[in-house]
Amino acid sequence: NAFQLRCGRHLLDLSFPRVMGVLNVTPDSFSDGGQHVALDDALRHAERMLAEGAAIIDVGGESTRPGALPVSPQEELDRVAPVVEALVRELDALVSVDTSCPAVMREAGELGAGMINDVRALEREGALLAAAGSGLPVCLMHRQGEPQNMQQAPSYQQPVEEVVADYLARRVAACEAAGLRRNRLLIDPGFGFGKSVEHNLRLLKYMQSLQTLALPLLVGMSRKSMIGKVLGRPVEERLPGGLALTAMAVERGANILRVHDVAATVDAVNMTWAVLQEGGEPPLH
Ligand SMILES: Nc1nc2[nH]c(S[C@@H](C(=O)O)c3ccccc3)nc2c(=O)[nH]1
């Protein structure tokens with residue numbers, strides 16, 4: 001698929017898989033005096049991920065923790081804005097902002113971010129219009145329930161891949177109706193969000209079914225509990241399992257892999273791509 005995404009001043013060529021590096025901005029580190037140390041650490045971490053081959057830096061993600069209490073828009077802005085500005089100014093990075101908050105989405109474009117990554121698929125009041133107004137591409141992710149309850153008893157009638165595809169198709173239609181064109185949309189099955197381990201495994205096994213939507217596919221399985229529960233590994237020992245999932249996701253059409261371990265993932269993507277292309281120059285370096 002020859003997807004090309006206009007991400008602010010960056011053009012993202014998706015003719016081969018890209019790696020998105022996860023940069024967690026812990027809330028407390030930017031409000032108290034520790035601002036500069038933590039910001040400097042974040043910059044260095046992002047710089048390393050870019051050097052290792054990440055095409056995108058995803059900022060946020062903390063506010064999506066299951067059981068997480070909602071943060072105020074101002075608090076989320078205070079946490080995210082300094083990092084996005086610094087990443088753009090210092091590293092000219094393609095920054096994806098992980099947010100469900102309309103105010104943050106509006107600001108994201110102004111801060112120089114290149115993409116909005118919404119784990120709530122723009123369902124929040126005002127999010128659709130804010131995202132449309134930002135001019136940025138938006139990743140729509142499937143999630144069942146809210147963080148406070150999504151892992152209690154996830155249940156799906158039809159096979160989960162049909163539920164996910166139907167939901168994402170409806171969200172895409174809602175975006176188009178609001179003037180957010182398809183060429184600015186990405187979809188994501190939302191591994192781990194309101195899904196049992198079996199749901200997650202089945203979703204990856206049949207993930208190629210999402211290609212019927214003909215949209216760039218972003219997947220995030222890095223260090224997630226689906227690896228922990230199958231292999232019995234703690235979060236810091238989930239890289240081998242994650243690389244196996246990366247290879248399978250690339251084989252099933254994933255365009256963007258959202259991961260914590262960029263260098264290792266770049267090798268897994270390049271190796272998988274070499275097989276699928278029957279050789280040729282590895283695309284990522
Ligand atoms: N598009 C997209 N955005 C994402 N943000 C996240 S946060 C997640 C994590 O484990 O990173 C997480 C879950 C629970 C607590 C902390 C962090 N996961 C995805 C994903 O799978 N897709």
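What counts and how
- Residues numbered from 1 in each chain as written.
- Predicted model: local features only at pLDDT ≥ 70, side-chain atom pairs only at ≥ 80, totals over all residues.
- Heavy atoms only, no water.
- Patch = residues over 30% accessible without salt bridge, like charges linked within 9 Å, V, L, I, M, F, W, Y side chains within 5 Å.
- Areas by Shrake-Rupley, 256 points an atom, 1.4 Å probe, with all protein chains shown as cover.
- Salt bridge = Lys/Arg side-chain N within 4 Å of Asp/Glu carboxyl O.
- Helix = DSSP H or I, 4+ residues; strand = E, 2+ residues; numbered from the N terminus.
- Contact = heavy atoms within 4.5 Å.
- Buried < 20%, exposed > 50% of the residue type's maximum accessible area, 1.4 Å probe, protein only.
- Pairing = 2+ DSSP bridges.
- Core = buried A, V, L, I, M, F, W, Y, C linked by side-chain atoms within 4.5 Å.
- Axes fitted to C-alpha atoms, helices over the stretch in contact; angles between N-to-C directions.
- Parallel < 35°, antiparallel > 145°, perpendicular 65-115°, else oblique.
- Left-handed = near helix turned anticlockwise from the far one by under 90°.
- Nonpolar A, V, L, I, M, F, W, Y, C, P; charged D, E, K, R; others polar.

Engineer: Can you lay out a nonpolar patch on the surface for me, pointing to particular residues and giving the numbers?
Structural biologist: A cluster of nonpolar side chains, namely L201, V230 and L231, defines an oily patch on the protein surface of about 250 Å² accessible area. Here V230 shows up in helix α8 (residues 225-231).

Engineer: Quick one: what's the story with the side chain of H10, residue by residue and with numbers?
Structural biologist: Tracing the backbone through its elements, the reader meets H10 in strand β2 (residues 10-13). With near-sequence residues (within four places) excluded, H10 lies in contact with L5, D92, A93 and L94.

Engineer: Describe unusual backbone geometry, with residues and values.
Structural biologist: Look at D92: it is not a glycine, yet its phi comes out positive at around 50°. Under the relative-accessibility criterion, D92 is labelled partly exposed at 42%. With phi around 55°, E278 is a residue other than glycine that occupies positive phi space. Judged by its relative accessible area of 76%, E278 falls in the exposed class.

Engineer: Explain the pattern of salt bridges to me, and be specific about the residues and the numbers.
Structural biologist: Taken as a whole, this structure holds 11 salt bridges when the rule is applied. A salt bridge links E123 to R171; the nearest nitrogen and oxygen atoms lie 3.9 Å apart. Of the two residues, E123 is situated in the loop between β6 (115-118) and α5 (127-134) and R171 in helix α6 (residues 160-177); the sequence distance between them amounts to 48 residues. With relative accessibility at 47%, the residue E123 sits in the partly exposed group. Salt bridges sharing partners connect three or more residues here, namely D40, D41 and R44.

Engineer: Account for the sheet that holds strand β8 (residues 185-188), naming residues and giving values.
Structural biologist: Within a beta sheet, neighbouring strands are joined by backbone hydrogen bonds and run either parallel or antiparallel to one another. Strand order across the open sheet formed by 8 strands is β8-β7-β6-β5-β4-β3-β10-β9, with parallel pairing between neighbours. Pairing within the sheet leaves two strands with one partner each, and these edge strands are β8 and β9 (218-219). Direction of pairing for strand β4 (residues 56-60) relative to strand β5 (residues 95-98): parallel, over a ladder of 4 bridges. Within β5, the position partnered with V59 by the bridge is V97.

Engineer: Summarise the nonpolar core; cite the residues concerned and give the values.
Structural biologist: Residues V59, L87 and L122 are the most contacted members of the largest nonpolar core, which totals 75 residues. Membership of the second largest hydrophobic core comes to 14 residues, among which are F3, L5, M20 and M115.

Engineer: Summarise the packing of helix α2 (residues 35-51) against helix α3 (residues 73-91); cite the residues concerned and give the values.
Structural biologist: The interhelical angle for the contact between α2 and α3, taken along N-to-C directions, is 50°, at an axis separation of 10 Å. Of the possible angle classes, the one that applies to α2 and α3 is oblique. Like other packed secondary-structure pairs, α2 and α3 cross with a definite hand, here right-handed. Side by side, α2 and α3 meet where Q35, L39, A42, L43, A46, E47 and L50 of the first sit next to P82, V83, A86, L87, E90 and L91 of the second.

Engineer: Describe the pairing of β2, and please don't skip the residues or the numbers.
Structural biologist: Here β2 shows a clear split, with H10 and L12 buried on one side and none of L11 and D13 buried on the other. Both strand β1 (residues 4-7) and β2 contribute to a ladder of 4 bridges, which runs antiparallel. The partner of C7 across the bridge, within β2, is H10. Counting the residues that bridge the hairpin from β1 to β2 gives 2 residues, and of these G8 lies at a positive phi of roughly 65°.

Engineer: Break down the packing of α3 against helix α4 (residues 102-111) for me, citing the residues and quoting the values.
Structural biologist: Running from N to C, α3 and α4 cross one another at 20°; their axes reach a closest spacing of 10 Å. Overall, the two elements α3 and α4 adopt an arrangement that is roughly parallel. In this structure, α3 crosses over α4, and the sense of that crossing is right-handed. Side by side, α3 and α4 meet where P73, E76, L77, A81, V84, E85 and V88 of the first sit next to A103, V104, E107 and L111 of the second. Partitioned by chemical class, the residues of the contact of α3 with α4 number 8 nonpolar, no polar and 3 charged.

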